[in-house]
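# Overview (structure and organization)
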Amino acid sequence: MEVYQPMPPYKILTVFGTRPEAIKMAPVVQELNLHPEEFTCRVAVTAQHREMLDQVLRLFHIQPDYDLDIMRPRQTLEEITTRALNGLAGVLKEAQPDLVLVHGDTTTTFVAALAAFYQQIPVGHVEAGLRTGDRYAPFPEEMNRRLAGALTDIHFAPTATARDNLLREGIAPEHVYVTGNTVIDALKATIHDEYHFQAHGLAGLDFEQKRVILVTAHRRENWGEPLREIFTALRDLIHRHPDTALVFPVHYNPRVRQLANEILDGQDRVYLIEPLDYEPFVNLMNRAYLILTDSGGLQEEAPALGKPVLVLREVTERPEAVAAGTVRLVGTAYRDILAAADELLTDRQAYLQMAHAVNPYGDGQASRRIHAGLRYYFGLTVARPQEFQPRASRTKN
């Protein structure tokens, strides 16, 4: 039987469904589009998150070729999985890509890899190899990432630690490329020192007179009592430090919103605002003094800006930042959050030690390394791409 051998330009289908995926995949799409003689890059979105995804697509001028639009109110993981799997089956049959490129750890990521496997299409996994070792934390992201990894042919690991995780799981070294994280590529393209905020509550905020504490908190495993502890600690932290202001773009999830309003609404120097588009958000992060978050992505972005991060989680799949000293894992207990934040707001040396630590996540060239890895995979070059090496963070504090 004659075996089909694809020829350039090779057809790459990138698949994503949420805002974080879109942010991190946009630089890859843009890079591949610079080389039409080598790759034809098409984009499929599940729209697992609709509104927040669309913000990023507009910012990076990406028009999806396929839009499954699966989001429904109060959708369950089972519903997301089945709708995305059924929709992507049809997309793959129509697009017939030579490789499917997925990102990270969402349900879309796992399902896209599974759909490609069912049709025997190779899979490339951007941001591969992150692990906590706890299958339920973060949930369901840890297992999404592991399952996608088991279906992947070419692994783009952001760090040496992520690469080592893959090697311990039996992935052959020649299938792993250390690239840095594409979020730094997106960040560098979006930060502007003279950025002017338009969002209600930010335009009048005095970043010179107040040390701004930026907060994000929404993770599923923190719903309930952990969020109550977090918000109570934030309220009391602001009361202790009159020269601070707290800005919290509150997630759309009603469980998060109800509790945030109950504990933080109406407090002096606390700004509960609507979720921000990516561009104002990263520029807000650039102006902030300190960041408290349960997000994964902020643990990667903040070190590039020299911003200390207190992680409101019990475990993290991004241990490089903890080891480098740019991030501190503080959990969700009231006393631990308050103690850690108090230290950074009162001890200048402790603050600078975190702010000046080495950035382990990227140099803004990850997308180029991914492009180089794809060229090597498809035989367009005999030179394996050079690996990312961490370097010192930028800081203005």
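What comes next concerns the included structure.

Scoring rules and cut-offs
- Residues numbered from 1 in each chain as written.
- Predicted model: local features only at pLDDT ≥ 70, side-chain atom pairs only at ≥ 80, totals over all residues.
- Heavy atoms only, no water.
- Buried < 20%, exposed > 50% of the residue type's maximum accessible area, 1.4 Å probe, protein only.
- Helix = DSSP H or I, 4+ residues; strand = E, 2+ residues; numbered from the N terminus.
- Pairing = 2+ DSSP bridges.
- Right-handed = clockwise from strand over helix to strand, strands pointing away.
- Phe/Tyr/Trp six-rings, centres within 6.5 Å; stacked < 30°, edge-to-face > 60°.
- Contact = heavy atoms within 4.5 Å.

This part is about the pairing of strand β1 (residues 10–16). Here β1 lies mainly inside the structure; six of its seven residues are buried. Bridge count for β1 against strand β2 (residues 39–45) is seven bridges, and the pairing is parallel. Bridged to Phe16 within β2 is Val45. Handedness of the β-α-β unit built from β1, helix α1 (residues 19–33) and β2 comes out right-handed. As paired elements, β1 and strand β4 (residues 99–103) share three bridges and run parallel to each other. Directly across from Thr14, in β4, lies its bridge partner Leu101.

The description of an aromatic ring pair rests on the distance of the ring centres and on the angle between the ring planes. Within the structure shown, the criterion is met by 13 aromatic pairs. Note on Tyr136 and Phe139: the rings are 6.2 Å apart at their centroids and 35 degrees apart in plane angle, and the pair reads as tilted. Tyr136 gets classed as exposed once you look at its relative accessible area, which sits at 56%. Their ring planes at 50 degrees and their centres at 5.5 Å tell us that Phe231 and Phe248 sit as a pair that is tilted. With Phe231 in helix α8 (residues 225–240) and Phe248 in strand β9 (residues 244–249), this pair connects stretches of sequence that are 17 residues apart.

A separate point is helix α2 (residues 51–59). Turning to α2, its buried residues are Met52, Leu53, Gln55, Val56 and Leu57. Here the buried face of α2 lies against β1, α1, β2 and α10 (278–287).

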